[in-house]
Amino acid sequence: LEILKDCNFQVELEHKIQFCIDCNLLIILDRASEDLEIIRSERKRNSESLDSLLKGVSSQIFQAGAIDRPLITKRRSRMCVGIRASHRHLLPDGVILNVSGSGATYFMEPKEAIELNNMEVKLSNSEKAEEIAILSLLTSEIAESEIEIRYLLDRILEVDLAFARAAYAQWMNGVCPIITS
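What comes next concerns the included structure. (Residues numbered from 1 in each chain as written. Predicted model: local features only at pLDDT ≥ 70, side-chain atom pairs only at ≥ 80, totals over all residues. Heavy atoms only, no water.)

1. Concerning the overall build of the protein
Okay, step 1: Of the regular secondary structure elements, the protein holds 4 helices and 6 strands.
Okay, step 2: Listing every helix and strand of the protein by position from the N terminus yields α-β-β-α-β-β-β-β-α-α.
Okay, step 3: Computed over its C-alpha atoms, the radius of gyration of the protein comes to 30 Å, more than 25% above the 16 Å expected for a compact globule of 181 residues.
Okay, step 4: Per-residue burial over the protein gives 28% buried out of 181 residues.
Okay, step 5: Of the contacts formed within the protein by residues at least 6 apart in sequence, a portion of 49% connects residues at least 24 apart.
Okay, step 6: Counting every atom, the protein has about 12800 Å² of accessible surface; 56% of that belongs to carbon and sulfur.
Okay, step 7: Of note, the protein has its 21 positive side-chain charges centred 10 Å away from the centre of its 28 negative side-chain charges. (Helix = DSSP H or I, 4+ residues; strand = E, 2+ residues; numbered from the N terminus. Rg over C-alpha atoms; globule rule 2.2 N^0.38 Å. Buried < 20%, exposed > 50% of the residue type's maximum accessible area, 1.4 Å probe, protein only. Contact = heavy atoms within 4.5 Å. Areas by Shrake-Rupley, 256 points an atom, 1.4 Å probe, with all protein chains shown as cover. Lys, Arg positive; Asp, Glu negative; His and termini not counted. Charge placed at Lys NZ, Arg CZ, Asp CG, Glu CD.)

Put into structure tokens, the structure is as follows:
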């Protein structure tokens, strides 16, 4: 205890990191910043709207016999629906994002989904930028505490070495020597 008495255990910094990051899942939590919480909330709403729209479009395409089963997928970072090439007229003004290897299936972004996909890309980029800002802030706070953290680490190593010596002495059935003149 004497060895550790002058140490700053960085409890406040630890609490701040735990508030911002789930260390088990290795994710930045929504509560890490007000902006991140807002961005993720908007992104969730936008994603649900996009998903609902694409499910409806995909269901209509399926009912028209333009695909074997409703298909929603992601191509070029954008959500889209699958449709037989011969039925692409069912999505007028839709954007072809990709074509299957055989050329039989087009992956198209319906016109109604373009703005929602644009918003998804924008919100995704904003979320990444905010996460980087949060991590940068935490990193700078850790860097400011570098000297205290290194001092603490050295003291912990000292204590660990003392315990290791004690455990080794106990294992050997050692006794404390008495030194006399």
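2. Side note on the packing of helix H2 (residues 34-63) against helix H3 (residues 111-144)
Okay, step 1: Following both chains from N to C, one finds H2 and H3 inclined at 155 degrees, their axes separated by 9 Å at the closest point. With respect to H3, the element H2 is oriented roughly antiparallel. The handedness of the crossing between H2 and H3 is left-handed.
Okay, step 2: Taken together, the residues of the contact of H2 with H3 break down into 10 nonpolar, 6 polar and 9 charged. (Axes fitted to C-alpha atoms, helices over the stretch in contact; angles between N-to-C directions. Parallel < 35°, antiparallel > 145°, perpendicular 65-115°, else oblique. Left-handed = near helix turned anticlockwise from the far one by under 90°. Nonpolar A, V, L, I, M, F, W, Y, C, P; charged D, E, K, R; others polar.)

3. Considerations on the pairing of strand S3 (residues 72-75)
Okay, step 1: Both S3 and strand S4 (residues 78-84) contribute to a ladder of 4 bridges, which runs antiparallel. Directly across from threonine 73, in S4, lies its bridge partner cysteine 80.
Okay, step 2: Hairpin connection, S3 to S4: the antiparallel pair is bridged by 2 residues, and arginine 76 has positive phi, about 50 degrees. (Pairing = 2+ DSSP bridges.)

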